[in-house]
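Each chain, written out:
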Amino acid sequence: MADQARTQENTEKTGTRLPGSGTFTDGNNRFGPRGVPIIYGVNRIGLWSLYIKEVRRFLKVQTQTIWAPAVTTLLFLVIFTVALGGAGGRPGREVLGVPFATFVAPGLIVMGMMQNAFANSSFSLLAGKIQGTIIDLLMPPLSEGELMAGIVLAAVTRAIMVGLAVGLAMSLWPGVSLAMAHPWAVAWFGLMGSVMLALMGLLASIWAEKFDHNAAVTNFVIAPLSLLSGTFYVIDNLSPLFQAVSRFNPFFYVISGFRFGFLGQSDIGDTNTAVLGAAAGLVVLNIALAIVSYKVLRSGWKLKD
């Protein structure tokens, strides 16, 4: 018995396997048998590490990823405002009872947020596939849900930063008022729109095999849906056919709801009750996109070939 006790003590000090138990020890902590998971629930450290990695990636080139979209969006505002006669202190055209610059500013802000959320999430997996570093994302002990959450959260973070930068740029242009009538709508539709485009970007990065494929989605899907969503106009000016088409565009509800948060009125209604339906519909759409993204990630399609 004394010899067995000394053997047990020496084993715990040297960090070898205990005979017949299949258990390993480092002298203080014991690990389960090989193949038995030791991480249960959410891998918080792994999820946080992936999130920080993605955030640091776009912050390293923040001139391109944060400030450039703000300048580009401000140019849209300047060009359209001047074209409609709102420069030089003149009031210019009014839309929904407010100057055109104030009308168009919220749409430009949330459009910039959505486009950059898509750009961020659509780059992560695609760059890994092209550069041969996709294994760095697939091998760590992260579930498909954690991998999706880390990429989407980083994309939403970039969208929020871009929204703040664009809002700051907008506030510098004379005649633009960014006073919020319904802050909840600004926060909700900004968040839902960013999540929606982040999930779309994730799906695009899984499907794409080269940057041309990703650019095709951006140029032929995301850009048209953004520009034809009521950012620069109210859909009442369209024919009944195109009004009906616009109402099938999810970007339309994001932009109109976000605008409602600032102006208190929009194409989908002038009351909280009228806008709540659009808010709930975006939740359903994002849940559906999240389920599809999760299943595609879990299948390993175009990732583990």
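Look up a bit, the structure's there.
Residues numbered from 1 in each chain as written. Predicted model: local features only at pLDDT ≥ 70, side-chain atom pairs only at ≥ 80, totals over all residues. Heavy atoms only, no water.

### Here we look at the environment of Val95
No. 1: Tracing the backbone shows Val95 in strand 3 (residues 94–95).
No. 2: We classify Val95 as buried; its relative accessible area is 10%.
No. 3: Separated by 138 residues in sequence, Val95 and Tyr233 have C-alpha atoms that sit 8.0 Å apart.
No. 4: For Val95, the residues in contact, after removing those within four places along its chain, are Phe100, Phe103 and Val234. (Helix = DSSP H or I, 4+ residues; strand = E, 2+ residues; numbered from the N terminus. Buried < 20%, exposed > 50% of the residue type's maximum accessible area, 1.4 Å probe, protein only. Contact = heavy atoms within 4.5 Å.)

### Overview of the environment of Thr73
No. 1: One can find Thr73 in helix 3 (residues 62–83).
No. 2: Separated by 36 residues in the primary sequence, Thr73 and Ile109 have C-alpha atoms spaced 7.6 Å apart.
No. 3: Ignoring any residue separated from it by four or fewer positions in sequence, one finds Thr73 in contact with Leu108, Val166 and Met170.

### Re the pattern of salt bridges
No. 1: Inspection of the entire model under this criterion finds 3 salt bridges.
No. 2: With a shortest N-O distance of 3.0 Å, Lys53 and Glu54 are connected by a salt bridge.
No. 3: Relative accessible area serves as the criterion here: at 44%, Lys53 is assigned to the partly exposed category.
No. 4: The class for Glu54 is buried, based on a relative accessible area of 1%.
No. 5: One salt bridge connects Glu209 with Lys302, and the closest N-O pair in it is separated by 3.3 Å. Taken together, the residues Glu209 in the loop between helix 7 (183–207) and helix 8 (211–227) and Lys302 in the segment after helix 11 (272–299) connect sequence positions 93 residues apart.
No. 6: It is possible to trace a salt-bridge network through shared partners that takes in Lys53, Glu54 and Arg57. (Salt bridge = Lys/Arg side-chain N within 4 Å of Asp/Glu carboxyl O.)

### With respect to the nonpolar core
No. 1: Formed by 74 residues in total, the largest nonpolar core has its most connected members in Phe103, Leu125, Met170, Phe189, Met196, Leu197 and Leu297.
No. 2: Among the elements of the structure, helix 2 (44–59), helix 3, helix 4 (100–131), helix 6 (144–171), helix 7, helix 8, helix 10 (250–263) and helix 11 are those that each provide at least two residues to this core.
No. 3: The element that contributes the greatest number of residues to this core is helix 4, accounting for 14 residues.
No. 4: Beyond its immediate stretch of four places on either side in the chain, Leu197 contacts Met114, Ala117, Phe118, Ser121, Ile222 and Phe251. (Core = buried A, V, L, I, M, F, W, Y, C linked by side-chain atoms within 4.5 Å.)

### Topic: the environment of Ser194
No. 1: By secondary structure assignment, the location of Ser194 is in helix 7.
No. 2: Taking the relative accessible area as the measure of exposure, Ser194 reaches 1% and is therefore buried.
No. 3: Along the backbone, Ser194 and Arg158 are 36 residues apart, and their C-alpha atoms lie at a distance of 9.2 Å.
No. 4: Those residues in contact with Ser194 that lie beyond four places of it in its chain are Met113, Met114, Ala117, Val156 and Ala159.

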